[in-house]
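Chain by chain, the residues run as shown.
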There are 2 protein chains.
Amino acid sequence: MASANFGDIENGSSGGGPCGRVLQWLKALPAKSWGKGLEALREAKKVGEDDPRKIVHSFKVGLALTLVSLFYYYRPLYDGFGVNAMWAVLTVVVVSEFSVGATLGKGINRMLATSLAGALAVGAHHISTLWGGEVGEPILIAFFVFVVAAIVTFMRFFPALKARYDYGLLVFILTFCLVSVSGYRDTQVLDMAHKRLSTIAIGSCTPIMVCIFICPVWIGADLHNLVAGNMEKLGDFIEGFGFEYFHIKESELSSSDTQSSLQGYKSVLSSKSLEETMANLARWEPGHGGFKFCHPWEKYLNVGALTRQCAYKIEALNTCLNTEIQAPAEIRSKIQEPCTNICSESGKALKELAAALKKMTRASSANPHIEYSKAAAERLKLLLKRGIWDDVNLLETIPSAAVASLLLEVVACVEKIAEAVHELASVAHFKTEQPQLLQEPILSQVAITCN
Amino acid sequence: MASANFGDIENGSSGGGPCGRVLQWLKALPAKSWGKGLEALREAKKVGEDDPRKIVHSFKVGLALTLVSLFYYYRPLYDGFGVNAMWAVLTVVVVSEFSVGATLGKGINRMLATSLAGALAVGAHHISTLWGGEVGEPILIAFFVFVVAAIVTFMRFFPALKARYDYGLLVFILTFCLVSVSGYRDTQVLDMAHKRLSTIAIGSCTPIMVCIFICPVWIGADLHNLVAGNMEKLGDFIEGFGFEYFHIKESELSSSDTQSSLQGYKSVLSSKSLEETMANLARWEPGHGGFKFCHPWEKYLNVGALTRQCAYKIEALNTCLNTEIQAPAEIRSKIQEPCTNICSESGKALKELAAALKKMTRASSANPHIEYSKAAAERLKLLLKRGIWDDVNLLETIPSAAVASLLLEVVACVEKIAEAVHELASVAHFKTEQPQLLQEPILSQVAITCN
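Because the structure is a prediction, the values reported are computed rather than measured.

1. Digging into the overall build of chain A
From N to C terminus, chain A includes 17 helices and two strands. Counting over 451 residues, chain A shows a buried share of 51%. Contacts in chain A between residues at least 24 apart in sequence constitute 79% of all its contacts with a sequence separation of at least 6. For chain A, the exposed surface amounts to about 20,900 Å²; the carbon and sulfur share of it is 63%.

2. Digging into the domain arrangement of chain A
All names here are of chain A. According to the domain assignment, chain A consists of domain 1 (2–45), domain 2 (54–213) and domain 3 (219–450). Taken together, the contact between domain 2 and domain 3 spans eleven residues of the former and seven residues of the latter. Carbon and sulfur atoms supply 69% of the area that domain 2 and domain 3 bury against each other, a total of about 820 Å² over both sides. Inspection of the region where domain 2 meets domain 3 yields zero salt bridges. Our count for the domain 2 to domain 3 interface comes out at one residue pair in polar contact (both at pLDDT 80 or more). Looking at the side of domain 2 that touches domain 3, the elements that each hand over two or more residues are helix H6 (100–155) and helix H7 (159–182). Here the element with the most residues in the side of domain 2 that touches domain 3 is H6; it accounts for seven residues. Considered class by class, the residues forming the side of domain 2 that touches domain 3 number six nonpolar, four polar and one charged.

3. Observations concerning the environment of Met111 of chain A
Residue and element names in this part refer to chain A. Tracing the chain through its elements places Met111 in helix H6. Met111 gets classed as partly exposed once you look at its relative accessible area, which sits at 22%. Spatially, the C-alpha atom of Met111 lies 9.6 Å from that of Gly203, the residues being 92 residues apart in sequence. Here Met111 is in contact with Leu197, Ile200, Ala201, Ser204 and Cys205, once residues within four sequence places are set aside.

4. Some remarks on the pattern of salt bridges
In total, this model carries 38 salt bridges over all chains according to the counting rule given. Across the salt bridge formed by Lys45 of chain B and Glu49 of chain B, the nearest N and O atoms sit 3.8 Å from each other. A residue pair is termed a helical-turn pair when its members lie 3 or 4 positions apart in one helix, as Lys45 of chain B and Glu49 of chain B do in helix H2 (residues 17–50) at four residues. As far as burial versus exposure is concerned, Lys45 of chain B and Glu49 of chain B are alike and both exposed. Several salt bridges converge on common partners, so that one network encompasses Asp51, Arg53 and Asp222 of chain A.

5. Regarding the relation of the copies chain A and chain B
By a simple turn and slide, chain A fits onto chain B: the slide is 0.0 Å along the axis, the RMSD is 0.1 Å, and the turn is 180°. Taken together, the rotation angle and the small translation identify this as a two-fold axis. Of the residues that chain A buries at the interface, 100% are likewise interface residues in chain B, meaning the two copies contact each other through the same surface.

6. Overview of the UniProt feature "transmembrane region" (unreviewed entry) in chain A
UniProt tags residues 55–74, 86–105, 112–133, 139–158, 165–185 and 197–221 of chain A as "transmembrane region" (unreviewed entry). Across residues 112–133 of chain A, helical content stands at 100% and strand content at 0%; the span's end C-alpha atoms are separated by 32 Å.

7. Quick notes on the interface of chain A and chain B
Counting residues at the interface gives 73 residues for chain A, matched by 73 residues for chain B. Here chain A and chain B share an interface that buries about 7,000 Å² over both sides, 76% of which is from carbon and sulfur atoms. There are zero salt bridges connecting chain A and chain B. At 13 residues, the largest contribution of residues to the side of chain A that touches chain B is made by helix H3 (residues 53–73) of chain A. Among the residues forming the side of chain A that touches chain B, the class breakdown is 47 nonpolar, 15 polar and eleven charged.

8. Thoughts on the state of the cysteines
Residues and elements named next belong to chain A. According to the stated counting rule, one finds zero disulfides over all chains in the structure shown. As a non-bridged cysteine, Cys215 has Cys211 as the owner of its nearest cysteine sulfur, 11 Å distant. Cys215 sits in the partly exposed class, given a relative accessible area of 49%.

9. Some points on a nonpolar patch on the surface
Residue and element names in this part refer to chain A. Taken together, the side chains of Leu63, Leu67, Leu70, Met209, Phe213 and Ile214 present a nonpolar region at the surface, about 550 Å² in accessible area. At the level of secondary structure, the elements contributing two or more residues to the nonpolar patch comprise H3 and helix H8 (189–213). The element best represented in the nonpolar patch is H3, accounting for three residues.

10. Considering empty space enclosed by the protein
The tally for this structure, following the rule as stated, stands at five cavities of 30 Å³ or more. Here the largest cavity is characterised by a volume of approximately 100 Å³. Around the largest cavity, the lining residues are Ala316, Cys320, Ala402, Ser405, Leu406 and Glu409 of chain A together with Ala316, Cys320, Ala402, Ser405, Leu406 and Glu409 of chain B. Residue assignment for the lining of the largest cavity shows that the elements contributing at least two residues are helix H13 (297–322) and helix H16 (394–427) of chain A together with helix H13 (297–322) and helix H16 (394–427) of chain B.

11. What about the side chain of Glu285 of chain B?
Residue and element names in this part refer to chain B. Mapped onto the secondary structure, Glu285 falls in the loop between helix H12 (272–282) and H13. The buried charged residue Glu285 lacks any salt bridge partner; its closest oppositely charged side chain belongs to Arg53, at an N-O distance of 9.1 Å. Here the side chain of Glu285 touches His288 through a polar contact of 3.2 Å, side chain to side chain.

12. Considerations on the packing of aromatic side chains
Summed over the entire model, instances satisfying the criterion amount to 26 aromatic pairs over all chains. Here the aromatic rings of Phe241 of chain A and Tyr245 of chain A are separated by 5.4 Å at their centres, their planes lie at 15°, and the arrangement is stacked. One end of the pair is Phe241 of chain A and the other is Tyr245 of chain A, both in helix H9 (residues 219–245) and four residues apart, which spans about a single turn. For the pair shown, Phe241 of chain A and Tyr245 of chain A are each scored as buried. Between Lys106 of chain A and the ring centre of Tyr167 of chain A, over which it is positioned, the NZ or CZ distance is 4.9 Å. Arg196 of chain B extends its terminal NZ or CZ atom over the ring of Trp87 of chain B, reaching a point 4.4 Å from the ring centre.

13. Some points on the packing of H12 of chain B against H13 of chain B
Residues and elements named next belong to chain B. Running from N to C, H12 and H13 cross one another at 170°; their axes reach a closest spacing of 9 Å. Relative to H13, H12 is oriented roughly antiparallel. Of the residues in H13, those touching H12 at Lys272, Glu275, Glu276, Ala279 and Ala282 are Trp297, Leu301, Gly304 and Arg308.

14. Observations concerning helix H8 (residues 189–213) of chain B
Helix length check: H8 of chain B, at 25 residues, gives a terminal C-alpha distance of 36 Å against a target of 36 Å (1.5 Å per residue), a fit within 8%. Of the residues flanking the end of H8 of chain B, it is Cys215 of chain B, one or two places downstream, whose phi is positive at about 35°.

15. Side note on helix H12 (residues 272–282) of chain A
Residues spaced three or four apart along an α-helix face the same direction, because each turn holds 3.6 residues. By the burial criterion, the buried members of H12 of chain A are Glu275, Met278, Ala279, Asn280 and Ala282 of chain A. Against the buried residues of H12 of chain A lie H7, H9 and H13 of chain A.

16. Considering the packing of H7 of chain A against helix H3 (residues 53–73) of chain B
H3 of chain B packs onto H7 of chain A with a crossing angle of 30° between their chain directions and a minimal axis gap of 10 Å. It follows from the interaxial angle that H7 of chain A and H3 of chain B lie roughly parallel. H7 of chain A and H3 of chain B meet at a crossing whose hand is right-handed. Of H3 of chain B, the residues touching H7 of chain A (which contributes Ile173, Cys177, Val181 and Ser182 of chain A) are Leu65, Ser69, Tyr72 and Tyr73 of chain B. Residue composition of the contact of H7 of chain A with H3 of chain B, by class: six nonpolar, two polar and no charged.

17. Focus: the confidence of the model for chain A
Residues and elements named next belong to chain A. Chain-level pLDDT for chain A is 82 on average; 83% of the residues reach the 70-or-more range. Within chain A, the element-level pLDDT minimum falls on helix H1 (residues 6–11), averaging 38, and the maximum on H12, averaging 92. Scored below 50 in pLDDT, residues 1–16 makes 16 contacts in the model with residues more than four places away or belonging to other chains. Below a pLDDT of 50 lies the segment residues 437–451, which in the model reaches nine contacts outside its immediate sequence neighbourhood of four places, other chains included. Across the interfaces of the predicted complex, the ipTM metric reaches 0.84, alongside a pTM of 0.84.

Cut-off values and rules
- Residues numbered from 1 in each chain as written.
- Chains lettered and ligands numbered in written order.
- Predicted model: local features only at pLDDT ≥ 70, side-chain atom pairs only at ≥ 80, totals over all residues.
- Heavy atoms only, no water.
- Helix = DSSP H or I, 4+ residues; strand = E, 2+ residues; numbered from the N terminus.
- Buried < 20%, exposed > 50% of the residue type's maximum accessible area, 1.4 Å probe, protein only.
- Contact = heavy atoms within 4.5 Å.
- Areas by Shrake-Rupley, 256 points an atom, 1.4 Å probe, with all protein chains shown as cover.
- Domains from an automatic or database assignment.
- Buried area = accessible area lost by both parts, 1.4 Å probe.
- Salt bridge = Lys/Arg side-chain N within 4 Å of Asp/Glu carboxyl O.
- Polar contact = N/O pair within 3.5 Å; in protein donor to acceptor, adjacent residues only side chain to side chain.
- Nonpolar A, V, L, I, M, F, W, Y, C, P; charged D, E, K, R; others polar.
- Least-squares fit on C-alpha atoms with pLDDT ≥ 70 in both.
- UniProt positions renumbered as here; feature names shortened; annotations may be inferred.
- Disulfide = S-S within 2.5 Å.
- Patch = residues over 30% accessible without salt bridge, like charges linked within 9 Å, V, L, I, M, F, W, Y side chains within 5 Å.
- 1 Å grid on protein atoms, 1.4 Å probe; cavity = no way out; pocket = protein on both sides within 12 Å on 5 of 7 lines; lining within 4 Å.
- Points joined across faces, edges and corners; volume = space filled by probe spheres on them.
- Lys, Arg positive; Asp, Glu negative; His and termini not counted.
- Phe/Tyr/Trp six-rings, centres within 6.5 Å; stacked < 30°, edge-to-face > 60°.
- Lys NZ or Arg CZ within 6 Å of the ring centre and 35° of its normal.
- Axes fitted to C-alpha atoms, helices over the stretch in contact; angles between N-to-C directions.
- Parallel < 35°, antiparallel > 145°, perpendicular 65-115°, else oblique.
- Expected span 1.5 Å × (residues − 1).
- Left-handed = near helix turned anticlockwise from the far one by under 90°.
- pLDDT = per-residue confidence, 0-100.

Here you go:
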């Protein structure tokens, strides 16, 4: 039904003339609308299931707006602010963002910029009325508007200002123009600036309160989980890669399951801009959960950058998995033992690091895995040095050699990631985990690995 | 001067007590401000030099704002719109964006959303006055505001809507709330909605006109150049890599120059979100230069994605350049000839593709380079098959094997990029280049390559 379109109708056995076609199109319209409606509902269901907090956020925005529109219904408040109460409604719509950090950032930017620009505009208005006279006043004001708009617009291009104060600079231009220009018609400039500031403060504080006190979405916590989740994805790939490349059957998973779990790392490759945006917004958030106000968010960017470095290597490993030229089984089997060890230990190390980061503890449990993976890397190097390769042709060896070389790089990468995570943990004063006894399965595997 | 800070003052030979410290801090203040001011000027100079269009844009915003504030000074216009003329000023500030695409997108979104939401709000106002009565009216309006705000906020999360209509949805909520809520106090709802729509239309059209007719910044052209430039960066790297890895002296360039030109590709790795944003905005732009209104912008995303795939391989090649374990010179020299050929031909192919794309012609001149690089890849494979590797240990061979394997992948990647560029050229109806005679240097090199 939903697939009915102009093409179908035009090519169908339409009963002559344009009129007939229009009629048929109109007949198909309800079916098409029905199809579109169903599609939109499916989309809505998917968005809501992916992140139920988005549904809650929608209700929160509705609530904040309804709260602020009370100003309009409640006579004493309306009498105080009059039409200016509209600014409060406008502010709520613009400031309400999904996360606390974004809402706070916009709200604070808006309030600060409004007060600064309001003061400046009142000054500009006084200067122009004092010096300008009847004719000169609009010319002077127009000149001020031009200069301030041009300078502040240019300042919006400065990277440091753009990252944190872009919205504030926009509101600065806005308020300056509104107050100074309306001063020409309205002599109560000071009163207007004051009213605008009060309504904007009310309009900013309402969504901020709603955002913080009703099911808050902390973008700092999201960044924390994103960085940890990315490490986990890489860990999943590396662990799975060992099984997949050497055709080792994993217990329950089917091959297609493994393949799909191996592709999770792809999102890590392009996570840079998302992480940077999140870190910028997280700086606005007050302390929450285990995160203090001055939580070292920039350290997450370090960890994220190293994780991406590792993801680039993993992208190359993934190519080796799917390339046409595959090394023969006997060549693979020669490097199988140290390579699978590297894969499983590096994968485990990453997953331990991710788990410790999620729990906000110092990730000492990852250290043994890193040591074992380094030991396996040394054994791989030794194996490659030994003369067991005389009877093979190099073209067949190259894929395995490339895998071996990439795995050696991955080991170095994982070590760097671990260092960055440790640094983050120490700067953020994460608590030390209670020393646990190594579990049996790990111990037995270590025994095999070290032989 | 600029480096004076609290630390310096506190550690210096301060003359006792907190008063002395405050005095010293105040003394240092002018110097500090001077330093900050100088720093800001340097930053401004850098931003302006990097892209002088940013300076022009700032003046354009100033001009648009001054033009619109004329409304306020010109009595007949003011009498028509009254305080509502403020909406025009507000719209100019919010709609003025750097590129034509972004300005048009925001302007059209704002106008469409205002008219739709205005009509809906007038309807909601009528329903609530008809059915609600004295007590029920504010309750009904509050209910409508809540429902519309919640539903539209949720719709902003739909990826397809977010990409193109996010701003429109925001303005929809805004206008609906403003018009329906002020309807409670102001009986002239229809008049208000009409005035708001007219002022917003004026406020949107002014920056759109200024943006299009004074030094327009076409984001479509920027995307076109970005994608071409990214290919060129990869071409530069691959060409330079051959010289750098096999320690071949390039004519004039010093080693540090080469190293810095080799790092240009890094920005390609994280270009995904930038390219997607640009493609979304470019769709709003009318025909300009060689670009038609329905230029196939999504094809640029294909080319961009393949370029990034190639950049990941190049990142791995770059690691090979800087790794500690380097293959001995005699091993490198065995694969030097085909590898340098692959590098130079693939690099040239990418640069030809980039140049043709920049000129908006079909890139037939890249085809021979791709053929030569494929021929060189075949020779490399043959060389690797032959038994010239018996006397080497594999650990020393691995770095070279990895380089060879990556170069083989790069050849495949470049071929895919060429296909995508050809597809883009045919869909976008780029003109065919006049067939040129191959230049002398290329021909002589081909002769060497084919021997």
